[in-house]
Amino acid sequence: MACISNSVFESLKAREIQPLRVRKRPYMGSMISEGGDGHGILMMEPNNISTPALAVSFAQTNGGSHVLAVSDEEGFVSLFNTQRRLPSYSSCQLDTEDARTELWRAHNNAIFDICWIRDDTRILTASGDQTIRLWDVQTRECLGVMKGHMGSVKSLCSHPLQSDIFVSGSRDGSIAFWDTRSDSASCNRTNEECFTTVGTIKDAHVASQGRRMRRNKVASKSITAVLYHKDERVVVSAGAADSVVKFWDTRKLKAPITQTPPQCQTSVEGKEGRVHGIASLSLDSSGAFLITSCMDNKIYLYSAFQPDKGHLKSFAGHVLGSFYVKASFSPGGTHILSGSSDENVFIWQVDRPEADPVMLKGHRGEVTAVDWCPTDFCKIATCSDDYTVRVWSIKDCTFESEHCTPSAVRRRISAIPSSVSQRLFDSTDSGHLETSPSDILACNTEVASPDSGKAFSPSGKALTPKASKKLIPETLSLESTPHASSVSKAISHSGENYSLIQKTPESMKSPSSVLNPPSSSKRKTILDYFGTS
């Protein structure tokens, strides 16, 4: 019988826990839409009519976010299951129907925007027929018609918590507020309930007197984008007349509570030049940052709490040839996705505005509406004037990982001078603790015995609970909690020196700081930042 002898080191290695996998962001340039499981090309030919899509929107719930809603210029709404195998360019004309789960004609005019509400059981559609319609997704039944605008309805957004309340922006220059819980005014010929506005802002974005756009045409007063802020009381709007974003208190609609400064081009002589309109708005998931897709071929990022201070960053490289080109934040707010008039899709990293954006090629016309799947960072949807919708995905969406094994930790522990460790523990046993910063770091790298459950110092002495508690200063609070873990990771040391990353004075003062959020007693809504009641 063969005798198998293992060394001490081999035994320790066999007992070693698995390495910790640390996720990294996938490379966005590896996104494809060539056709396959979860990615491909959808041809917009409802009822055998080729028509460009105008809006795309993924469902918002965790279980249904793979469903993509698409509206087009003919007034149709299509729902697609993006988890299925999607067609390639060569087969999209024949195989798109395999991915489509629902199709109905919602309007007799173009649908410029769509919005999921009620846990994805309802859809709102904004149309060029000057109305908004509420639809039951399962039965495709119209549950209500909103009438009140005198122009095409260009943008929609529902209340963050109360889906019965929503806001819309129209080409007539007005912002309208709706509540489907209110009594319907009347019924139309098809016995559909008709609702009227519960509040209106007229001429919300009007160009200053005498200001003209290209070709000497007076600037349009169209409202191109509206958003409900996470604050629940503030509505954000933008228009085609200027590059100003306005913030409105829904309790006081006479005037905006704050706004961004205009993005003006200056001439060679230093005079104020033409003001560009804004095509779209997007808030990140926290509500702290706002991006505007401006017609000067730039995307500007603002603090949603201090928009009057001007933009914080700008992103360039794409081309905005029309107000149909939109931009959107990624689910975590780390990236920005935008269409472009040069037939490409652009993706920027928010923390690297100076870097070249990732370009996704494939469309053969102006790329207009875009959307990011709220539960899948590796999936986006784009539509184009080439009559297609492309669903992009990373083929092998596996994350690179770094490994931090206990062996590496033990190597760092063994580097501590034994004399320092011995002095540290001797002072603890005598009832008082005299340590240097390097001693503190040394004493916090304890090694636990898996057999006994006791803690041992680097010198080999067993620690009593009392002595172990004394070794950890209160200022570090290195307890076994997620917060303590993040603090301990912030400690960096080299030899006898150490540094502890602390909050900067700027982060302590910033109202939008994630590191130091204001207490609920001091700040209940975003309005408190603007000094309004």
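For the structure, see preceding data.
To start, this report covers the structure provided alongside it. Here the structure is a predicted model, which is why all the values come from computation and not from measurement. Sequence order sets the numbering: in each chain, residues are counted from 1 along the sequence as written. Only residues with pLDDT of at least 70 are given local features in this predicted model, and only at 80 or more are side-chain atom pairs given and counted; all residues enter the totals for whole chains, interfaces and linings. Computation of side-chain values: all heavy atoms of the structure, hydrogens and water removed.

Moving on, we get to the overall build of the chain. The secondary structure listing takes helices from DSSP runs of H or I that are at least 4 residues long and strands from runs of E that are at least 2 residues long, numbered from the N terminus. Along the backbone of the chain there are eight helices and 39 strands. Each residue is assigned to one of three classes by its accessible area relative to the maximum for its type, calculated with a 1.4 Å probe on protein chains only: buried under 20%, partly exposed between the two thresholds, exposed over 50%. Across the 533 residues of the chain, 48% fall into the buried class. Look at the contacts in the chain between residues 6 or more apart in sequence, and 52% of them connect residues 24 or more apart. The contact definition used throughout considers only heavy atoms, calling two residues in contact when any of these lie within 4.5 Å.

The rule for pairing is simple: two strands pair if DSSP sees at least two bridges between them. Spatial strand order, β19-β20-β21-β22: four strands in an open sheet with antiparallel pairing. The open sheet has two edge strands with one neighbour each: β19 (223-228) and β22 (258-259). In this structure, strand β20 (residues 234-239) lies alongside strand β21 (residues 246-249), joined through four bridges in antiparallel fashion. Pairing of V235 across the sheet is with W248, part of β21.

Between the rings of Phe, Tyr and Trp (Trp by its six-membered ring), a pair exists once the centres lie within 6.5 Å; its type follows the angle of the planes, with under 30 degrees stacked, over 60 edge-to-face, and the other angles tilted. On inspection of all chains with the given rule, the structure shows six aromatic pairs. Members of the aromatic cluster, each reached through a chain of ring pairs, are F315, F346 and W348. Above the plane of the ring of F112 lies K154, whose end atom (NZ or CZ) is 3.9 Å from the centre. Both a distance and an angle decide whether a charge sits over a ring: NZ of Lys or CZ of Arg must be within 6 Å of the ring centre and within 35 degrees of the ring normal. The positively charged end of R364 is found above the aromatic ring belonging to Y89, 4.3 Å away from the centroid.

What counts as a salt bridge is simple: a side-chain nitrogen of Lys or Arg found within 4 Å of a carboxyl oxygen of Asp or Glu. The tally for this structure, following the rule as stated, stands at 10 salt bridges. Linking R181 and D179 is a salt bridge whose minimum nitrogen-to-oxygen distance equals 3.0 Å.

Glancing now at the environment of I123. Note on placement: I123 falls in strand β10 (residues 122-127). With 12 residues separating them along the chain, I123 and W135 place their C-alpha atoms 5.2 Å apart. Residues in contact with I123, not counting those within four places in the same chain, are A69, L79, C115, W116, R133, L134, W135 and V137.

Another aspect to go through is the pairing of strand β14 (residues 165-170). Among the six residues in β14, six count as buried, and that is most of the element. The alternating pattern of β14 places I165, V167 and G169 and F166, S168 and S170 on opposite faces, both of which are buried. Note: strand β13 (residues 153-158) against β14, five bridges, orientation antiparallel. In the sheet register, C157 faces β14, and the bridge partner there is V167. Hairpin connection from β13 to β14: six residues lie between these consecutive antiparallel strands. Following β14, the chain reverses through four residues before pairing antiparallel with strand β15 (residues 175-179); G173 in that reversal takes a positive phi of roughly 90°.

Attention shifts here to the state of the cysteines. Note on terminology: disulfide describes a covalent bond linking the sulfur atoms of two cysteines. Put simply, a disulfide is two cysteine sulfurs that come within 2.5 Å. Scanning the entire structure with this criterion turns up zero disulfides. The closest cysteine sulfur to the non-disulfide-bonded C115 is located on C157, 6.0 Å from its own sulfur. Under the relative-accessibility criterion, C115 is labelled buried at 12%.

Let's shift gears to the nonpolar core. Throughout, nonpolar core names a set of buried Ala, Val, Leu, Ile, Met, Phe, Trp, Tyr and Cys residues whose side chains join them through atoms within 4.5 Å. Counting 24 residues, the largest nonpolar core has V167, I175, L281 and L290 as the members making the most contacts within it. Broken down by element, the residue count for this core peaks at five residues, all from β19. Apart from the residues lying within four places of it in its own chain, the contact partners of V167 are S155, L156, C157, I175, A176, F177, V226, Y228 and V235. In terms of nonpolar packing, the next biggest core, distinct from the first, is built from 17 residues, A55, I114, W116 and C142 among them.

Below, the discussion takes up the pairing of strand β26 (residues 289-294). With respect to burial, β26 is a largely interior element, five of its six residues being buried. Bridge count between strand β25 (residues 278-283) and β26: five bridges; the pairing is antiparallel. The residue bridging S282 from the neighbouring strand is I291, located in β26. Where β25 folds back onto β26 in an antiparallel hairpin, the turn is made up of five residues, including G287, whose phi is positive at roughly 80°. Looking at chain direction, β26 and strand β27 (residues 298-303) are connected through six bridges and run antiparallel.

What follows covers the environment of W372. Tracing the sequence through the fold places W372 in strand β33 (residues 367-372). The class of W372 is buried, set by a relative accessible area of 4%. Taking the C-alpha atoms as reference points, W372 and I336, 36 residues apart in sequence, are found 9.5 Å from one another. Contacts of W372, omitting those with residues within four sequence positions, involve M28, F58, F329, S330, P331, H335, I336, L337, I347, F377, K379 and I380. Pairs of N or O atoms within 3.5 Å make up the polar contacts considered here, provided that, within protein, one atom can donate a hydrogen while the other can accept it, and that residues adjacent in sequence are counted only when both atoms are side-chain atoms. At a separation of 2.9 Å, a polar atom in the side chain of W372 contacts the main-chain carbonyl oxygen of F377.

One non-glycine residue, N48, lies in positive phi territory at about 60°. Within the element layout of this structure, N48 appears in the loop between β3 (40-43) and β4 (53-58). A positive phi is found at D119, a non-glycine position, where the angle reads about 55°. Residue placement: D119 occurs in the loop between β9 (111-117) and β10. On the basis of relative accessible area, D119 is assigned to the exposed category, the value being 66%.

A word on the sheet that holds β27. An order of β25-β26-β27-β28 is seen for the four strands of this open sheet, with the pairing classed as antiparallel. Bordering the open sheet on either side are β25 and β28 (313-316), each of which pairs with just one other strand. With strand direction ignored, the average angle separating the axes of adjacent strands in the sheet is 20°. Comment: axis = line fitted to C-alpha atoms, over the contacting stretch for helices; angle = value between 0 and 180 degrees taken between N-to-C directions.

Mapped onto the elements of the fold, R133 is located in strand β11 (residues 131-136). At 2.9 Å, the side chain of R133 forms a polar contact with the side chain of E192. Leave out the neighbours within four places in its chain, and R133 touches A106, H107, I123, L124, T125, C142, G144, V145, M146 and E192.

Next up on the list: the side chain of E192. On the secondary structure map, E192 appears in the loop between β16 (186-187) and β17 (193-195). With near-sequence residues (within four places) excluded, E192 lies in contact with R133, C142, V145, S186 and C187.

Let us look at helix α2 (residues 92-99). All of the buried residues in α2 are C92, T96 and A99. Take α2 and look down its axis: the buried residues cluster within an arc of 60°, on one side only. What points out from α2, more than 90 degrees from its buried face, is the exposed set L94 and D98. Its buried side turned inward, α2 meets β3, β6 (76-81), β7 (85-86) and β8 (100-105). Directions are taken from the helix axis to each C-beta atom, and the arc is the one they span.

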